[in-house]
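Residue-level listing of the chains:
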Amino acid sequence: MVHIKDIAKVCGVSSATVSKALNNQPDIGEATKERIQAVAKEMGYMSNSSARALKTGKTKNIGVLFVDEQGRGLSHDYFSTMLEAIKAQAAELEYDITFICPGKNMSYLQHCYFRGVDGVVIANINYNDAQVIELVSSDLPVVVIDHVYPQKTAVISDNEMGGRAVIQYAYNMGHRNIGLIHGELTSVTQKRLDAIWQFCSEVGLNIPKSNVKEAKFHDSAKTYFATQELLRLPNRPTCILFPDDYSYIGGLNAIHDAGLSIPEDISTIGYDGIELSRIISPPLVTYHQDAKEMGRIAIEKLVEQIDSPAPLKPEVIMVSGSIMDGGSVREILPEEN
């Protein structure tokens, strides 16, 4: 293993000068710095993270707490896009990432201390879990995605905008008999529903209780059965809003199994804007959440906390999305309602 003193001997300088050059400090000549860095690279020098941590108090390692009960997180376009953005932004800022995993003998917080992370991004988890609350309440810098804790920075997809966008799209296409399948009752779901009911109140649109079904996010099986229930109604909806694009596949199968066509017999609108929504036929009208931007901002804000000599004021950063057009919604004429 190559040490700083080995580089110093080759370059004919002190170990202190080599350390300054490798840490890109400004108080040595540029030519000397470049030569030392070139020699270090040629000799295969790698910095010792443990030594750096002792010196700076930082490991340059960020924890990511991400638990998907459905087991599809890393293969789901929305979350994989977010996680890839987290990884890329961390690398850009010269940080590594470590997944914080549940364990039998170690809490999330203990795992963070064991791994020596400088801070944690929390996403897609049971935010009311006692272990998560313990971590959020600790002295570790934390940024949370899609949930707001008091006095903690959060990066939030604008779910109120999203909820309003999907119901408004259906309404503007002439649909008045609308079915709604939502995910489990989380803060995300509640914000979307609040926006939908607010829009309905503004335009005088009535969605009866029989047209509203609960399923689960990213669960196509539950969405299949919820869609079947809507299709069995005596006055079935002309358009159904789905909780997310992945679970929509269950709805799509239920509609096809009923011998119906999209959008000729029934219209559909999704949520997330994942790649899957573009390749199914017809392409799904859906609300695109900017997962990439959310992941990037989460890391940016966490590193700001880590690097700040004094506590920073918590922020709630709202990330907007937009409707992605497709062929899954038919325009309804007034006489058809």
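Residues numbered from 1 in each chain as written. Predicted model: local features only at pLDDT ≥ 70, side-chain atom pairs only at ≥ 80, totals over all residues. Heavy atoms only, no water.

(A) Quick look at the sheet that holds strand E8 (residues 239-241). The strand order E7-E6-E8-E9-E10-E12 describes an open sheet built from six strands, whose pairing is mixed. The open sheet is flanked by strand E7 (212-214) and strand E12 (322-324), the only strands paired with a single partner. On average, each strand axis in the sheet is inclined to that of its neighbour by 20°, with strand direction left out of account. Note that strand E6 (residues 178-182) and E8 share three bridges and pair parallel. Within E8, the residue paired with Ile 178 across the bridge is Cys 239. On top of the sheet, helix H10 (residues 220-231) reaches E6, E7 and E8; it is set at about 160° to E6, its chief contact. (Pairing = 2+ DSSP bridges. Helix = DSSP H or I, 4+ residues; strand = E, 2+ residues; numbered from the N terminus. Axes fitted to C-alpha atoms, helices over the stretch in contact; angles between N-to-C directions. Contact = heavy atoms within 4.5 Å.)

(B) Inspection of the sheet that holds strand E5 (residues 153-157) at higher detail. What the six strands build is an open sheet, ordered E2-E1-E3-E4-E5-E11; its pairing is parallel. Of all the strands in the sheet, just strand E2 (96-99) and strand E11 (316-319) have a single pairing partner and so form its edges. Within this sheet the neighbouring strands show an average axis-to-axis angle of 20°, counted without direction. Summarising the sheet, strand E1 (residues 61-66) and strand E3 (residues 119-123) pair through five bridges and their orientation is parallel.

(C) Examining helix H2 (residues 15-22) more closely. Of the positions making up H2, those classed as buried are Thr 17, Val 18, Ser 19 and Ala 21. Where H2 ends, the next residue or the one after it, Asn 24, has phi of about 55°, a positive value. (Buried < 20%, exposed > 50% of the residue type's maximum accessible area, 1.4 Å probe, protein only.)

(D) Inspection of the domain arrangement of the protein at higher detail. Entries for the protein in the domain assignment read domain 1 (4-47), domain 2 (61-157 + 292-321) and domain 3 (159-289 + 323-336). Domain 1 and domain 3 are separated by 61 Å when their C-alpha centres are compared. (Domains from an automatic or database assignment.)

(E) Seen up close, the packing of helix H5 (residues 77-92) against helix H13 (residues 291-307). Two elements in contact, H5 and H13, have axes whose closest approach is 7 Å; the angle formed by their N-to-C orientations is 35°. Here the hand of the crossing between H5 and H13 comes out right-handed. Residues Tyr 78, Thr 81, Met 82, Ala 85, Ile 86, Gln 89 and Ala 90 of H5 lie in contact with H13, whose contacting residues are Ala 291, Lys 292, Met 294, Gly 295, Arg 296, Ile 299 and Glu 300. Grouping the constituent residues of the contact of H5 with H13 by class yields eight nonpolar, three polar and three charged. (Left-handed = near helix turned anticlockwise from the far one by under 90°. Nonpolar A, V, L, I, M, F, W, Y, C, P; charged D, E, K, R; others polar.)

(F) Representation of helix H9 (residues 187-203) within the structure. Between its first and last C-alpha atoms H9 spans 25 Å; for 17 residues at 1.5 Å apiece the expected length is 24 Å, and the two agree. Of all the residues in H9, the buried ones are Val 188, Thr 189, Arg 192, Leu 193, Ala 195, Ile 196, Phe 199 and Cys 200. Relative to the axis of H9, the buried residues are bounded by an arc of 160° and lie together on one face. Against helix H8 (159-172), E6 and strand E9 (267-272) lie the buried residues of H9. Just past H9, the residue Gly 204 takes up positive phi, approximately 75°. (Expected span 1.5 Å × (residues − 1). Arc of directions from axis to C-beta.)

(G) Local environment of the nonpolar core. Grouped together as the largest cluster of nonpolar side chains are 26 residues, with contacts concentrated most on Met 82, Ile 86 and Ile 145. For this core, the leading source of residues is H13, giving eight residues. Contacts of Met 82, omitting those with residues within four sequence positions, involve Ala 123, Ile 145, Ala 291, Met 294 and Gly 295. (Core = buried A, V, L, I, M, F, W, Y, C linked by side-chain atoms within 4.5 Å.)

(H) A look at the pattern of salt bridges. One pass over the structure, following the stated rule, counts eight salt bridges. With a closest N to O distance of 3.9 Å, Lys 33 and Glu 30 form a salt bridge. Here Glu 30 and Lys 33 lie together in helix H3 (residues 30-43), a separation of three residues that amounts to about one turn. With a closest N to O distance of 3.9 Å, Asp 219 and Lys 222 form a salt bridge. Exposure remark for Asp 219: the relative accessible area of 9% places this residue in the buried category. A relative accessible area of 42% means that Lys 222 is categorised as partly exposed. Shared partners join several salt bridges into a network, and the residues in it are Glu 293, Arg 296 and Glu 300. (Salt bridge = Lys/Arg side-chain N within 4 Å of Asp/Glu carboxyl O.)

(I) Here's a closer look at the environment of Ser 138. Structurally, Ser 138 can be placed in the loop between helix H7 (130-136) and strand E4 (142-145). A relative accessible area of 14% places Ser 138 in the buried class. Apart from the residues within four sequence positions on either side, Ser 138 is in contact with Leu 109, Tyr 113 and Lys 152. At 3.3 Å, the side chain of Ser 138 forms a polar contact with the backbone nitrogen of Leu 140. (Polar contact = N/O pair within 3.5 Å; in protein donor to acceptor, adjacent residues only side chain to side chain.)

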